[in-house]
Amino acid sequence: PRAETLSMAKLPISQMMDLDPFLYLFPLNLIFFPVGWLLYVFAAAGIRHLFTLILGEKFRAWKDVLIVTAYGAVPMIVLGLFLRTVNLLWPFRSLAENQGAMYARIAATVLIFGTAWALEGRAVSTGLMAKIGQNRGRAVLTWLSAGVFVVVGLWILSAVLESFA
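Below, the structure is looked at part by part.

Relative orientation and spacing of two packed helices are given, respectively, by the angle between their axes and the distance between those axes. Direction vectors running N to C along helix H5 (residues 99-131) and helix H6 (residues 136-164) enclose 130 degrees, while the axes themselves pass 8 Å from each other. One finds that H5 runs oblique with respect to H6. In this structure, the crossing between H5 and H6 has a hand that is right-handed. Taking contact as the criterion, the partners of Trp 117, Glu 120, Gly 121, Val 124, Ser 125, Leu 128 and Met 129 in H5 are, on H6, Arg 136, Ala 139, Val 140, Thr 142, Trp 143 and Leu 144.

Glancing now at H5. The end-to-end C-alpha distance of H5 is 47 Å, a good match for the 48 Å that 33 residues give at a rise of 1.5 Å each. Looking one or two places after H5, you find Gly 133, whose phi comes out positive at around 85 degrees.

Bringing helix H4 (residues 62-89) into the picture now. Over its 28 residues, H4 runs 39 Å from end to end, which matches the ideal 40 Å to within 8%, given 1.5 Å per residue. Where H4 bends most, at Ala 73, the angle is about 30 degrees, and the proline Pro 75 comes one to four residues later.

What counts as what
- Residues numbered from 1 in each chain as written.
- Predicted model: local features only at pLDDT ≥ 70, side-chain atom pairs only at ≥ 80, totals over all residues.
- Heavy atoms only, no water.
- Axes fitted to C-alpha atoms, helices over the stretch in contact; angles between N-to-C directions.
- Helix = DSSP H or I, 4+ residues; strand = E, 2+ residues; numbered from the N terminus.
- Parallel < 35°, antiparallel > 145°, perpendicular 65-115°, else oblique.
- Left-handed = near helix turned anticlockwise from the far one by under 90°.
- Contact = heavy atoms within 4.5 Å.
- Expected span 1.5 Å × (residues − 1).
- Bend = angle between axes of the 7 residues up to and from the residue.

Have a look at this one:
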């Protein structure tokens, strides 16, 4: 028994608990989740505030855009926590034998993230209409500006990193 205990102690915790090693990096997963969402809220608010400057909105304040962005991020955070919990309790590795279950899980994940994204869009655009006085079209464009900036930024980053490879 003692030798078995010592050999188990050498295993990473992800193998002991049969979890995905990238999903369960113990102190980092507790730190990264709130820090990552804080970074997202501040970055998205900064991009949206910059976009309101570009659009020439009269009543714009960084605080208002930050509050609206934080309020809009709540559905993403809550549903992200739900998906994270589901993936910790039932890792994808356990679905590897059953392709139908894996495809259903992926479809459910995409549906949940799509729903969270739509709820964020509704909350942010409604908040921008109320706080800044934008019309619906400008509010939707301001909400989408952060996502477009991130997608274009990642595309450029991947192209730069690929040029070094």
